[in-house]
Amino acid sequence: MAYPPPPTTPFGTQFAPIMTTASFKGGAWTETEVVPVAPIPFHPATHVFHYGSACFEGLKAHRGLDGSVRIFRLDRHVERFRGSTEVLMLPDPGVERLTDMVIRAVQANAAHVPVAPGSLYLRPTMIGTEPNIGAAGSPSKEAMLFVLCSPVGDYFAGGLRPLKIAVETEQPRTTPMFGRVKAAANYALALAITQQRKRELGVDQVLFAPHGDVAETGASNFMLIDDDRVVTKALDDSFLHGVTRDSLLTMARDLGYRVEERHVGLDEVISWAERGGEAALSGTAAVLAPVGTLAYKDREIRFGQGDIGKNTLRLRQALVDLHVGAVEDTHGWIRVV
Ligand SMILES: *Cc1c(COP(=O)(O)O)cnc(C)c1O
């Protein structure tokens, strides 16, 4: 059987035909349904439309070299999603229900998992559905959970190329309480500043470095890389704990790199670039994307010769090899469905 090629449409604009859904009503979850993707009618008073009760996850199913369908680190994404629902005071879907809903969505769309570098991007989403515009200060008593699947190619238009990133030291990406969760509101908060910098500076993304403390971009973590080391901000509540970040750090250790999780100052990033080091963004969507230039105030800080660093490529390839089963899954990260 021939599997679909990687889509050439923009990331997230094409959808596999089936989704799984479940609803929370009267204090209990309904049975999971496996249904065609279609518009969902909601009352205009629905909680999420007014008070932002929404969170999501992003993970991928890959097409193995042997044709198998392989979900990457499902358990980690399920745990993180449950943490997001907790912060948003939405109902806990539970490990079993959410795991089952993701697996059944992937199985129903198995024929739509493209070959690498494409994949099936999975988007579990929960929204507050209580029809009540008086509930500004109370959690939605009803909710809907769905798992939408999107065949994707490369995240960044133009494929793998060195990115240009603006450094933002004044405006935060989100609020402290929401830093480590995938709340829909976080992306609304980062939108205006990201658009402004894109327009002014022609950048791909914004790197948030509040008061010089280098954290992450709007949807990916940031790493400094050279021949010996991978350096990234130590986990705290202010930023999103990427599953890709964790995976790459683990693989970097396996490959003999020294991994340093600690404070990363903007000064160090600049001197790292001057010494010929590499920088990259990590995330499910971006995988590991090389940073070519940082735009900071009136300066342009260049990593390498505007090309893609060899250590970045090596780490990226190690992760891609694991996704497709070209190397053994020694950490038990892959769920074949
Ligand atoms: C999703 C996300 C990431 C990357 O997380 P992964 O689990 O690696 O996909 C990083 N930062 C933000 C703000 C995110 O929303």
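Reading the values: rules and limits
Residues numbered from 1 in each chain as written. Predicted model: local features only at pLDDT ≥ 70, side-chain atom pairs only at ≥ 80, totals over all residues. Heavy atoms only, no water. Near = heavy atom within 4 Å. Polar contact = N/O pair within 3.5 Å; in protein donor to acceptor, adjacent residues only side chain to side chain. Areas by Shrake-Rupley, 256 points an atom, 1.4 Å probe, with all protein chains shown as cover. Helix = DSSP H or I, 4+ residues; strand = E, 2+ residues; numbered from the N terminus. Nonpolar A, V, L, I, M, F, W, Y, C, P; charged D, E, K, R; others polar. Domains from an automatic or database assignment. Contact = heavy atoms within 4.5 Å. Buried area = accessible area lost by both parts, 1.4 Å probe. Expected span 1.5 Å × (residues − 1). Buried < 20%, exposed > 50% of the residue type's maximum accessible area, 1.4 Å probe, protein only. Arc of directions from axis to C-beta. Pairing = 2+ DSSP bridges. Right-handed = clockwise from strand over helix to strand, strands pointing away. Salt bridge = Lys/Arg side-chain N within 4 Å of Asp/Glu carboxyl O. Core = buried A, V, L, I, M, F, W, Y, C linked by side-chain atoms within 4.5 Å. 1 Å grid on protein atoms, 1.4 Å probe; cavity = no way out; pocket = protein on both sides within 12 Å on 5 of 7 lines; lining within 4 Å. Points joined across faces, edges and corners; volume = space filled by probe spheres on them.

### Examining the site of the ligand
Phase 1 of the analysis: Looking at the ligand, there are 17 residues lining it, with K182, Y187, E216, T244 and T284 nearest.
Phase 2 of the analysis: Taking V243, its main chain carries an N or O atom lying 2.7 Å from an oxygen atom of the ligand.
Phase 3 of the analysis: Isolated, the ligand exposes 380 Å² of accessible area, and the fraction of that covered by the protein chains is 97%.
Phase 4 of the analysis: Those elements giving two or more residues to the shell around the ligand turn out to be α2 (74-87), β11 (216-217) and α5 (243-254).
Phase 5 of the analysis: Counted by class, the shell around the ligand contains 4 nonpolar, 9 polar and 4 charged residues.

### Here's the deal with the domain arrangement of the protein
The parts lose accessible area when they come together, and the size of an interface is often stated as this lost area.
Phase 1 of the analysis: Domain boundaries assigned for the protein yield domain 1 (18-152) and domain 2 (163-324).
Phase 2 of the analysis: On the side of domain 2, 20 residues touch domain 1, which itself brings 23 residues to the contact.
Phase 3 of the analysis: Here domain 1 packs against domain 2, burying approximately 1,900 Å² in sum over the two surfaces, 63% of which is carbon and sulfur.
Phase 4 of the analysis: For domain 1, the biggest contributors to the area lost against domain 2 are F56, F72 and R80; these three give 30% of the whole.

### Quick word on α2
Phase 1 of the analysis: The end-to-end C-alpha distance of α2, which contains 14 residues, comes to 20 Å, matching closely the 20 Å that a straight helix rising 1.5 Å per residue would cover.
Phase 2 of the analysis: Burial in α2 covers these residues: L74, H77, V78, R80, F81, S84 and T85. All buried residues of α2 lie within an arc of 165° about the axis, which places them on one face of the element. Among the exposed residues of α2, those pointing more than 90 degrees away from its buried face are D75 and E86.
Phase 3 of the analysis: Two residues or fewer after α2 comes M89, characterised by a positive phi angle close to 55°.

### Focus: the environment of G64
Phase 1 of the analysis: By the secondary structure assignment, G64 is in the loop between β5 (59-63) and β6 (69-72).
Phase 2 of the analysis: Judged by relative accessible area, which is 5%, G64 ranks as buried.
Phase 3 of the analysis: The contacts of G64, once residues within four sequence positions are left out, are R70 and V324.

### Remarks on the pairing of strand β13 (residues 229-232)
Phase 1 of the analysis: The alternating pattern of β13 places R229 and V231 and V230 and T232 on opposite faces, both of which are buried.
Phase 2 of the analysis: Here strand β12 (residues 221-225) runs beside β13; their pairing, made up of 2 bridges, is antiparallel. In the sheet register, L224 faces β13, and the bridge partner there is V231.
Phase 3 of the analysis: Linking β12 to β13, which pair antiparallel, is a turn of 3 residues.
Phase 4 of the analysis: At this point the chain moves from β13, through α5, to the parallel strand β14 (residues 258-261), and the crossover so formed is right-handed.

### Quick word on helix α3 (residues 95-108)
Phase 1 of the analysis: Taking 1.5 Å as the rise per residue, α3 with 14 residues should run 20 Å; its terminal C-alpha atoms sit 20 Å apart, in good agreement.
Phase 2 of the analysis: Within the span of α3, buried status applies to L98, T99, M101, V102, I103, A105 and V106.

### Observations concerning the pattern of salt bridges
Phase 1 of the analysis: In this structure the tally under the stated criterion is 23 salt bridges.
Phase 2 of the analysis: Close ionic contact of D246 with R73 constitutes a salt bridge, the shortest N to O distance being 2.7 Å. You can see D246 sitting in helix α5 and its partner R73 sitting in the loop between β6 and α2, a full 173 residues away along the chain. R73 shares its class with D246; the two are buried.
Phase 3 of the analysis: A salt bridge links K233 to D213; the nearest nitrogen and oxygen atoms lie 3.0 Å apart. Taken together, the residues span a long stretch of sequence, with K233 in the loop between β13 and α5 and D213 in the loop between β10 (205-208) and β11 at a distance of 20 residues.

### Points about the pairing of β12
Phase 1 of the analysis: Counting buried positions along β12 yields 5 of 5 residues, so the element is predominantly enclosed.
Phase 2 of the analysis: Neither face of β12 is open: one carries N221, M223 and I225, the other F222 and L224, and all of them are buried.
Phase 3 of the analysis: When β12 meets strand β15 (residues 278-283), the two strands line up antiparallel, connected through 5 bridges. The partner of L224 across the bridge, within β15, is A279.

### Let's talk about the nonpolar core
The nonpolar side chains of soluble globular proteins are, as a tendency, buried together.
Phase 1 of the analysis: Residues I71, V102, L122 and M126 are the most contacted members of the largest nonpolar core, which totals 31 residues.
Phase 2 of the analysis: Of all the elements in the fold, those that place two or more residues in this core are β1 (18-25), β5, β6, α2, α3, β7 (119-128) and β8 (143-152).
Phase 3 of the analysis: No other element matches α3, which puts 6 residues into this core.
Phase 4 of the analysis: Among the domains, domain 1 (18-152) and domain 2 (163-324) are the pair contributing at least three residues each to this core.
Phase 5 of the analysis: The contact partners of L122, leaving out residues within four places of it in the chain, are E57, G58, L59, K60, A61, I71, V102, V106, L148 and C149.
Phase 6 of the analysis: One finds I165, L266, V291 and F303 within the second-largest nonpolar core, a separate group that totals 24 residues.

### Things to note about the layout of surface pockets
Phase 1 of the analysis: What the largest pocket holds in volume is close to 860 Å³.
Phase 2 of the analysis: Around the largest pocket, the lining is made up of 40 residues, and of these R123, Y155, Y187, G218 and A219 lie nearest the centre.
Phase 3 of the analysis: At the level of elements, β7, β8, α4 (184-201), β11, α5 and β15 are the ones that each hand at least two residues to the lining of the largest pocket.
Phase 4 of the analysis: Here the lining of the largest pocket gets 6 residues from one element, more than from any other, and that element is α4.
Phase 5 of the analysis: A class-by-class count of the residues in the lining of the largest pocket yields 16 nonpolar, 15 polar and 9 charged.
Phase 6 of the analysis: Residues lining the lining of the largest pocket come from more than one domain, with at least three contributed by each of domain 1 (18-152) and domain 2 (163-324).

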